[in-house]
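Overview (structure and organization)
Spelled out, the chains give:
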Amino acid sequence: MTLPEKAAQLYGIWVGASAEGGEVAPHQHEMEEPVTLDELLPHGLGQLTRPFGTAPVDPALGALSLLRTQRRIMAAGRFGIPALAHEECLAGFAAWGATAYPVPLAWGATFDPALVRTMAERIGRDMRAVGVHQGLAPVLDVVRDPRWGRVEETIGEDPYLVGTIGTAYVRGLESAGIVATLKHFAGYSASRAGRNLAPVGMGGRERADVILPPFEMAVRESGVRSVMHAYTDTDGIPSAADEQLLTGLLRDTWGFTGTVVADYFGVAFLQTLHGVAGTLGEAAGAALAAGVDVELPTVKAYGEPLLKAVAGGRVPEALLDRAVHRVLVQKAQLGLLDAGWDPVPQVLAGRVDGVTAPGRAPAQDSAETETGADSDTDSGTGTAVGAGDVNNPDASVSAAGALYREALRGSVDLDSAANRDIARRVAEESVVLLRNDGTLPLHRPGVIAVIGPNAETPTAVLGCYAFPMHVGVQHPEVPAGIELPTLREALAAQFTDSRIVAAAGCGVDDQDTGGFAEAVRAAAEADVVVLALGDRAGLFGRGTSGEGCDAESLALPGVQQQLLDAVLDTGRPVVLTLLAGRPYALGRAVDEAAAIVQAFFPGEEGTAAVAAVLAGQVEPSGRLPVSVPSRPGSQPTTYLAARLGRASEVSNVDPTPAYAFGHGLTYTTFQWTDLRVAEFQAGTDGEVRCSFTVRNTGRREGTETVQVYLHDPVASVVQPQQRLVGYRRLRLAPGASARVELTVPADLAAFTGRDGRRVVEPGTLELRLGASSTDLRLTVVCTLTGPPRVVDHTRRLHPGFTVDRG
């Protein structure tokens, strides 16, 4: 391969699929240079960036557009190498008409890796069916400051929860043939003051013991094939130029063999934002040397600047060869380099014979009609319709082309009943009941007042990477493509005997209280009030949650707290229902609301899930993946805080949360009894074993989530007061019990010591068994004996659970 041919495999082009089924068109962004495909394609092309996620396009016609472009790419280059197409999939396939699943923070609330894996497999199948190869998910950033706008994209504030749920997601995506991409490697979520893309101030131990474990777990256990570097710099070293991170740790230590891709524009940011490169050529050299194989979303530093730097001897050609080899190996693994590989996606199989490759005369096409027009036979009708020659994208204006488009339009369902069933299950399991004075479940109330800015907002359940919020807002003339029932509509469908009245009171981030009077009147006349508060997802300041939508404090946006107080003042039972992307301080509601229900952007089935929980049709089983603060200004804090991070007499700021990590109520009660410890003592290379019984002592079926926390009272470096090391959901019928046998390897007590190595130290430990980080039911005091033991990335990461339901 020539130098230009090598470089071409290392960058993508941001494109949008044609709504008419013609070729993709380059997408222009304020941070991009205009590109011309005719100039680039003779050298080849590494990636196609977001053909479905750039503008609304019918999925079948988008697949046709991608097919035509792939055939053009293959015909234009000497080696016939197709491009790898990638899309976002943070809350489902980010394409028009695709299922909008709950956001990752909701996945964390389920504490259910198996369900998350099932969801990811369905997402992957839909992506693969239309010709996509790679998904830019999951986010494995651990929340360090909930003011950060991208909290909704994370799985929670605990590394073990993030790692297990994220690994399950990767397994699901990869099982469907999609290359999963871990992001953002590493430390993005620890930015100062929770500001997007701010510098990261943390030490090596915080990075090693909090930020890196989810990535390590996924690399070891999931089969992940791609990693995306973080935008941020840590202690002055940008991740995109961090060779110790991207090569030394990721590849040499952990054994990762896939591709490292740039976060969008991240290579150029080495020059423009970080100032560690004087030119784009220097930025390209620094990123390649660190281990960044692919520049996304479009060609910039890895194009002409890189070629000049290599030709001038400033960047070794060997670095280029190393990255090209990784890219081509991945394409080979996907089958893209197989002899005779055809880019026809599953949804168009048998329906696109008339889409010809460049250079083929129409008379050579087997599907040509007697009139000379390219044609296809629609499998549903047997009607010959024109597909149009890929050499002539405008062929679709012909009558035959129009018939072909209409035959395809609407034929691909990315929001199937099976998808929605999984979306519903994830939404239901993610709903967290924070407080309940007995008002819930509701028993046929006569009048329900549904009040608040999210009461009648269809998109209140969507995160910022759901297609309607990420792209659809720029195309208001195009329908959402999926059904999004409002909370009022969901409650009306659930409570058919009740009269539903609604009043917004205010907008999500309004400062106007003019609507309060109507809302208060509606509340005062109701038997129960469902007060729907929370966020509006958006990008870069256009929302109250989402990328670039960081918060100065954790007070509810706008005047929502004032609305909450005004409704509480009516004295009516208030069920505070939060549709949000981050936790908020809830003021008086913690003590005065009849119930508090937290739903982290639960997706298109979310309002039905919330209504079902309120009605008691579904048992609440979600647990908090992040703490809910007591006060809006006591951030940053986390349940992983050490002793000095807790409340004390020497500071007037109390960071104690209103509801702690792992908290979540049910409609039943559970009793934990009969703790038996088989091994109180073990070597630093051994394990501790115990067993206990969990019984449902209530009158309803319910789920108890057994959570195992480790407390290390004395260590050579400061440790968090406790940290999650295992969990297991137990669904039990009334009166039923389960005997849980737990095996905890000493490896789980490992932490990064003073010399930077991970060590298991001898001494006393506590295993705290509970329903949350503050609702601890049983404690095992055990002792590790022997010398300190250094462990590495091959250490055991999980406890063993055996459940006997007797």
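Predicted model only: the values in this text are computed from it and were never measured.

1. Quick word on the overall build of the chain
For the chain, the helix and strand inventory stands at 21 helices and 30 strands. Over its C-alpha atoms the chain spans a radius of gyration of 27 Å, differing by no more than 12% from the 28 Å that the globule rule assigns to 806 residues. Along the first, second and third principal axes, the C-alpha set of the chain runs to 80 × 70 × 55 Å. By sequence separation, contacts in the chain at least 24 residues apart represent 78% of the contacts at least 6 residues apart. Summed over its atoms, the accessible surface of the chain is roughly 28,200 Å², and 48% of this surface lies on carbon and sulfur atoms. Taken as two groups, the 68 positive and 94 negative side-chain charges of the chain have centres that lie 6 Å from each other.

2. Re helix α9 (residues 243–253)
When α9 is considered as a whole, its buried residues turn out to be Leu245, Leu246, Thr247, Leu250 and Arg251. Angularly, the buried residues of α9 cover 160 degrees about the axis, an arc narrow enough to put them on a single face. Exposed residues pointing more than 90 degrees away from the buried face of α9 are listed as Gln244 and Asp252. The N-capping residue of α9, defined by a side-chain oxygen 3.2 Å from the backbone nitrogen of Gln244, is Asp242. Backbone geometry just after α9 places Gly255 at a positive phi near 85 degrees.

3. What to know about the side chain of Ser18
Inspection of the secondary structure assignment puts Ser18 in the loop between β1 (12–16) and β2 (25–26). Judged by its relative accessible area of 16%, Ser18 is buried. Only 3.1 Å separates the side chain of Ser18 from the backbone nitrogen of Gly22, close enough to count as a polar contact.

4. What to know about the pattern of salt bridges
Tallied over the entire structure, the rule returns 44 salt bridges. A salt bridge links Arg326 to Asp293; its shortest N-O distance comes to 2.9 Å. Taken together, the residues span a long stretch of sequence, with Arg326 in helix α13 (residues 317–333) and Asp293 in the loop between α11 (280–290) and α12 (304–311) at a distance of 33 residues. For the pair formed by Arg326 and Asp293, the shared burial category is buried. Salt-bridge contacts for Arg777 lead to Glu704; the nearest nitrogen and oxygen are separated by 3.9 Å. Separated by 73 residues along the polypeptide, Arg777 in strand β28 (residues 776–785) and Glu704 in strand β22 (residues 702–711) bring together distant segments of the chain. Its relative accessible area of 32% is what places Arg777 among the partly exposed residues. The class for Glu704 is buried, based on a relative accessible area of 4%. What emerges from the salt-bridge pattern is a single network uniting Asp565, Asp569, Arg588 and Glu592.

5. A word on unusual backbone geometry
The residue after Lys183, namely His184, is reached through a cis peptide bond having omega 5 degrees. Each neighbour pair has its own omega, and for Leu440 with Pro441 the value is -5 degrees, a cis peptide bond. For Pro441, the location among the structural elements is in the loop between β13 (432–436) and β14 (447–451). Positive phi outside glycine occurs at Phe111, with the angle close to 50 degrees. You can see Phe111 is positioned in the loop between α4 (104–110) and α5 (113–129).

6. Examining the side chain of Thr54
One can find Thr54 in the loop between β3 (47–49) and α3 (59–76). Owing to a relative accessible area of 13%, Thr54 belongs among the buried residues under this scheme. Separated by 2.9 Å, the side chains of Thr54 and Trp14 make a polar contact. A polar side-chain atom of Thr54 sits 2.7 Å from the main-chain carbonyl oxygen of Arg50.

7. As for the nonpolar core
Nonpolar side chains in soluble globular proteins tend to end up buried together. Counting 179 residues, the largest nonpolar core has Phe93, Tyr169, Phe185, Tyr302, Ile451 and Leu531 as its most contacted members. Not counting the four nearest positions on each side in its chain, Tyr169 is found in contact with Cys89, Trp107, Val116, Met119, Ala120, Ile123, Ala137 and Pro138.

8. Structural notes on the sheet that holds β2
To summarise the sheet geometry, strands pair through backbone hydrogen bonds and adopt either a parallel or an antiparallel arrangement. Strand order in the open sheet formed by eight strands is β2-β1-β3-β4-β5-β6-β7-β10, and the pairing between neighbours is mixed. At either end of the open sheet lies a strand with only one pairing partner, and these are β2 and β10 (259–261). Relative to β2, β1 runs antiparallel, the two sharing two bridges. Bridge assignment links Val15 to a residue of β2, and that residue is Pro26. Sheet strands in contact with α13 are β4 (84–87), β6 (179–185) and β10, and its direction is about 110 degrees off that of β10.

9. Notes on the sheet that holds β14
The sheet built from six strands is open, its strands ordered β13-β18-β17-β16-β14-β15 with mixed pairing. Unpaired on one side and paired on the other, β13 and β15 (499–503) mark the two borders of the sheet. Ignoring strand direction, the axes of neighbouring strands in this sheet form an average angle of 20 degrees. The pairing of strand β17 (residues 574–580) with strand β18 (residues 595–600) spans six bridges and is classified as parallel. Of the residues in β18, the one forming a bridge with Leu579 is Ala599. In the packing of helix α19 (residues 560–568) onto the sheet, contacts are made with β14, β16 (528–534) and β17, and the angle to β16 comes to roughly 170 degrees.

10. A short note on the environment of Pro479
Within the secondary structure layout, Pro479 lies in the loop between α16 (467–470) and α17 (487–494). Judged by relative accessible area, Pro479 falls into the exposed class, the value being 57%. Taking the C-alpha atoms as reference points, Pro479 and Ala109, 370 residues apart in sequence, are found 30 Å from one another.

11. Considerations on the packing of aromatic side chains
Taken as a whole, this structure holds 15 aromatic pairs when the rule is applied. Ring plane angle 80 degrees and centroid distance 6.0 Å describe the contact between Tyr160 and Tyr727, whose orientation is recorded as edge-to-face. Remark: Tyr727 occurs in strand β23 (residues 723–732) and Tyr160 occurs in helix α6 (residues 159–175); sequence separation between them is 567 residues. For the pair Tyr160 and Tyr727, a shared accessibility class is recorded, and that class is buried. Put simply, the rings of Phe111, Tyr160, Tyr639, Phe661, Tyr709 and Tyr727 pair up and form one aromatic cluster. Against the face of Tyr465 rests Lys183, its NZ or CZ located 5.8 Å from the ring centre.

12. Some details on α19
Those residues of α19 that fall on the buried side of the exposure criterion are Gln560, Leu563, Leu564, Ala566, Val567 and Leu568. Each element contacted by the buried residues of α19 is listed here: β14, α18 (516–524), β16, β17 and α20 (589–592).

13. Concerning the pairing of strand β7 (residues 226–229)
Burial along β7 is two-sided: the residues Ser226 and Met228 and Val227 and His229 are all buried. With three bridges connecting them, β6 and β7 associate as parallel partners. Within β7, the residue paired with Leu182 across the bridge is Val227. Alignment of β7 against β10, held across three bridges, turns out to be parallel. Counted as the bridge partner of Val227 is Val260 from β10.

14. A closer look at the environment of Tyr302
Take Tyr302: it is sitting in the loop between α11 and α12. Once residues within four sequence positions are removed from consideration, Tyr302 is found in contact with Ala7, Leu10, Tyr11, Val267, Ala284, Ala287, Leu288, Val292, Asp293, Val294 and Glu295. Polar contacts involving the side chain of Tyr302 include one to the main-chain amide nitrogen of Leu288, which spans 3.5 Å.

15. Quick look at the state of the cysteines
Scanning all chains against the criterion turns up zero disulfides. Here Cys506 stays unpaired: no disulfide links it, and the sulfur of Cys549, its closest cysteine neighbor, is 18 Å away. Given the relative accessible area of 8%, Cys506 is considered buried. There is no disulfide at Cys549, and the cysteine sulfur nearest it, in Cys464, is 7.2 Å away.

The rules behind these values
Residues numbered from 1 in each chain as written. Predicted model: local features only at pLDDT ≥ 70, side-chain atom pairs only at ≥ 80, totals over all residues. Heavy atoms only, no water. Helix = DSSP H or I, 4+ residues; strand = E, 2+ residues; numbered from the N terminus. Rg over C-alpha atoms; globule rule 2.2 N^0.38 Å. Contact = heavy atoms within 4.5 Å. Areas by Shrake-Rupley, 256 points an atom, 1.4 Å probe, with all protein chains shown as cover. Lys, Arg positive; Asp, Glu negative; His and termini not counted. Charge placed at Lys NZ, Arg CZ, Asp CG, Glu CD. Buried < 20%, exposed > 50% of the residue type's maximum accessible area, 1.4 Å probe, protein only. Arc of directions from axis to C-beta. Polar contact = N/O pair within 3.5 Å; in protein donor to acceptor, adjacent residues only side chain to side chain. Salt bridge = Lys/Arg side-chain N within 4 Å of Asp/Glu carboxyl O. Core = buried A, V, L, I, M, F, W, Y, C linked by side-chain atoms within 4.5 Å. Pairing = 2+ DSSP bridges. Axes fitted to C-alpha atoms, helices over the stretch in contact; angles between N-to-C directions. Phe/Tyr/Trp six-rings, centres within 6.5 Å; stacked < 30°, edge-to-face > 60°. Lys NZ or Arg CZ within 6 Å of the ring centre and 35° of its normal. Disulfide = S-S within 2.5 Å.

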